[in-house]
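Overview (structure and organization)
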Amino acid sequence: MTLRIILTTKLVTNNMNVLITGGAGFIGKALANYLAEQQHHVRVIDDLSAGEKVGLDSRVDFTRGDVRDIPKLWGLLRGVDCVYHLAARVSVPESILYPVEYNAVNVGGTVALMTAMRDAGVRRVILASSGAAYGEQPHQPVSEKAEMRPTSPYAVSKLAAEYYVQAIGALWKIESVVLRIFNAYGPHQQLPPSHAPVIPRFLKQALSGGSLVVFGNGKQSRDFVYIDDVVRALERAATIQNIDGACINIASGNDTTMTQLIDEIEALIGTRVHRLYNEEEASGVSHLGADISLAAKLLDWSPRVSLREGLGKILKLDPRFQIQRAATH
Ligand code: NAD
């Protein structure tokens with residue numbers, strides 16, 4: 001039994017050549033830097049529409065470009081063993097305003113990438129999909145077997161991208177692994193003014209001494225997974241064999257309400273914050289918690305960083321919050 005498990009999970013760990021699309025973004029940059037540190041050869045393509053080059057390890061080979069530019073991809077894919085496909089437009093509210101753009105980048109970009117991979121003979125793609133693709137689910141935590149009920153153009157685009165990598169991957173003999181990442185958080189996460197992710201937004205508001213604005217009644221819940229845990233799962237998805245076609249939740253396995261999240265932030269910064277509930281602005285599904293047993297089984301992966309530890313790491317490692325902290329003490 002032990003022998004069988006070892007054989008089916010044989011690792012390929014030496015000096016991979018990887019291309020990361022969207023590698024200047026929050027998750028992509030953390031992944032690129034980690035893989036470069038592990039002596040893998042890392043190329044990145046990113047159009048810098050949301051990401052930035054600052055903070056990217058100097059060993060990473062960066063190209064500015066659009067993931068839909070097939071001739072540019074041909075050059076970048078030469079000699080590549082594995083592609084991480086992360087380039088995407090990533091905001092649920094923004095996708096409701098700009099569905100055509102979301103479809104063009106998230107779906108069109110995936111098809112263009114797969115076409116270029118076929119031409120270049122690349123063997124494996126790992127797609128960063130999203131827990132958002134599940135939509136509103138009657139049963140929590142959500143397992144990969146749940147019926148998909150996407151409720152936004154963003155969620156539909158991620159699900160369509162999953163279907164594309166799996167369907168044309170099987171046709172063209174490109175191995176595919178889909179990771180449905182839930183709410184990733186960590187240092188250096190982007191804070192766009194119109195659609196900032198909840199954790200950096202709450203931290204910014206809490207540390208600046210203003211009111212903390214909760215969209216909804218505070219009972220909405222999400223599964224927050226720390227960036228280092230996400231990066232470890234992505235690495236394993238490239239190095240473990242015999243998982244072609246798998247679709248795997250990557251999350252903490254803990255459902256956290258917005259109220260609990262604020263309690264954690266208060267405990268960490270040692271101050272009570274004023275909470276302002278804006279029920280009209282509530283968006284997205286009400287609950288999204290993940291069953292992560294398949295990740296343990298197929299990737300031998302489980303999360304290591306608790307929410308409190310992860311929030312503490314942001315305060316320690318992200319200069320934007322250190323400056324604010326100094327100003328409030
Ligand atoms: P991000 O916005 O920080 O990164 C996306 C990157 O893609 C950006 O650097 C952006 O400039 C780039 N990009 C956008 N359009 C492009 C195009 N046409 N060509 C080339 N590059 C382009 O977002 P992120 O949080 O790092 O997310 C990365 C991936 O993970 C996305 O596919 C997202 O859907 C998925 N994901 C993220 C989370 C999360 O909580 N952060 C959760 C689930 C899934």
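Residues numbered from 1 in each chain as written. Predicted model: local features only at pLDDT ≥ 70, side-chain atom pairs only at ≥ 80, totals over all residues. Heavy atoms only, no water.

**Focus on the overall build of the protein**
Formally: Put simply, DSSP H or I for four residues or longer makes a helix, DSSP E for two residues or longer makes a strand, and each gets a number counted from the N terminus. Radius of gyration means the value over C-alpha atoms here, while the globule rule gives 2.2 Å times the residue count to the 0.38 power. Categorising residues by exposure relies on relative accessible area from a 1.4 Å probe, with only protein chains included: less than 20% of the type maximum marks a residue as buried, more than 50% marks it as exposed, and the intermediate range marks it as partly exposed. Contacts between residues were defined by any pair of non-hydrogen atoms, one from each residue, lying within 4.5 Å.
If you tally the helices and strands in the protein, you get 12 helices and 13 strands. Taking 20 Å as the expected radius of gyration for a compact globule of 329 residues, we find that the protein reaches 19 Å, a close match to that expectation. The principal-axis extent of the C-alpha atoms belonging to the protein is close to 55 × 45 × 45 Å. The buried share among the 329 residues of the protein stands at 50%. Relative to all contacts within the protein whose residues are 6 or more apart in sequence, the contacts with residues 24 or more apart total 78%.

**Some details on the packing of aromatic side chains**
To keep things clear, this is the line we draw: Between rings of Phe, Tyr and Trp, where Trp is taken as its six-membered ring, a pair exists when centres lie within 6.5 Å; planes separated by under 30 degrees are stacked, by over 60 edge-to-face, and by other angles tilted. Both a distance and an angle decide whether a charge sits over a ring: NZ of Lys or CZ of Arg must be within 6 Å of the ring centre and within 35 degrees of the ring normal.
Applying the stated criterion to the full structure yields three aromatic pairs. Aromatic side chains Tyr 134 and Phe 182 sit 6.0 Å apart centroid to centroid with 35° between the ring planes, which places their arrangement in the tilted category. One end of the pair, Tyr 134, is in the loop between strand E5 (124-130) and helix H6 (153-172); the other, Phe 182, is in the loop between strand E6 (175-181) and strand E7 (183-185), and 48 residues separate them in sequence. Of the two residues, Tyr 134 and Phe 182, neither departs from the other in class, the shared state being buried. Chaining the aromatic ring pairs together yields one cluster made of Tyr 185, Phe 224 and Tyr 226. Over the ring of Trp 172 we find Arg 118, and its NZ or CZ is 4.4 Å from the ring centre.

**Quick word on the pattern of salt bridges**
We apply this condition: A pairing counts as a salt bridge when a side-chain nitrogen of Lys or Arg comes within 4 Å of a carboxyl oxygen of Asp or Glu.
Summed over the entire model, instances satisfying the criterion amount to 15 salt bridges. Note that Glu 147 is salt-bridged to Arg 149, the shortest N-O span being 3.8 Å. The exposed category is assigned to Glu 147, whose relative accessible area is 55%. Residue classification places Arg 149 among the partly exposed positions, given a relative accessible area of 36%. Each of Asp 263, Glu 266, Arg 272 and Arg 275 takes part in salt bridges that share partners, so that together they form one network.

**A look at the nonpolar core**
Rule in force here: Grouping buried Ala, Val, Leu, Ile, Met, Phe, Trp, Tyr and Cys residues that are joined through side-chain atoms within 4.5 Å yields what is termed a nonpolar core.
Counting 63 residues, the largest nonpolar core has Tyr 84, Leu 179, Ile 199 and Leu 261 as its most contacted members. With seven residues, the top contributor of residues to this core is helix H8 (residues 227-239). In this structure, Ala 87, Ile 174, Val 178 and Cys 247 belong to the second largest nonpolar core, which totals 22 residues.

**Focus: the environment of Gln 190**
Stated formally: In protein, a polar contact means a hydrogen-donor-capable atom and an acceptor-capable atom, both N or O and within 3.5 Å, with residues adjacent in sequence counting only if both atoms are side-chain atoms; elsewhere, any N or O pair within 3.5 Å suffices.
Following the sequence through the fold, Gln 190 ends up in the loop between E7 and helix H7 (198-207). Residues in contact with Gln 190, not counting those within four places in the same chain, are Ala 24, Gly 25, Phe 26, Ala 50, Gly 51, Pro 197 and Pro 200. A distance of 3.4 Å separates a polar side-chain atom of Gln 190 from the backbone oxygen of Ala 50.

**A few points about the site of the ligand**
The following threshold applies: Being near a molecule or strand, for a residue, means having at least one of its heavy atoms within 4 Å of it. Note on areas: Shrake-Rupley with a 1.4 Å probe; residue coverage comes only from the protein chains shown. When residues are grouped by polarity, Ala, Val, Leu, Ile, Met, Phe, Trp, Tyr, Cys and Pro land in nonpolar, Asp, Glu, Lys and Arg in charged, and all others, Gly among them, in polar.
In the vicinity of the ligand, 30 residues are found, and the nearest of them are Phe 26, Asp 46, Tyr 154, Lys 158 and Ala 184. Between the ligand and Ser 49 there is a distance of 3.2 Å, counted from an oxygen atom to a backbone nitrogen or oxygen. The contact in question runs from an oxygen atom of the ligand to an N or O atom on the side chain of Gln 190, over 3.2 Å. Contact with the protein chains removes 94% of the 820 Å² of surface that the ligand exposes when unbound. Of all the elements in the fold, those that place two or more residues in the shell around the ligand are helix H2 (26-37), E5, H6 and E7. A total of three residues in the shell around the ligand trace back to one element, the largest contributor, which is E5. Counted by class, the shell around the ligand contains 16 nonpolar, nine polar and five charged residues.

**Brief notes about the side chain of Glu 266**
Structurally, Glu 266 is set in helix H9 (residues 258-269). Contacts of Glu 266, omitting those with residues within four sequence positions, involve Thr 271, Arg 272, Val 273 and Arg 275.

**Looking at the layout of surface pockets**
To be explicit about the condition: Of the grid points, spaced at 1 Å and generated over the protein atoms alone, those admitting a 1.4 Å probe that cannot get out make up cavities, while open sets with protein on both sides within 12 Å along at least five of seven lines make up pockets; any residue with an atom within 4 Å of a point is treated as lining. Grid points are joined across faces, edges and corners, and a volume is the space filled by probe spheres set on the points.
Estimated volume of the second largest pocket: approximately 520 Å³. Of all elements in the fold, only H2 and H8 reach the threshold of two or more residues within the lining of the second largest pocket. Examining the composition of the lining of the second largest pocket, we find that six residues originate from one element, H2, more than from any other. Taken together, the residues of the lining of the second largest pocket break down into 12 nonpolar, six polar and five charged.

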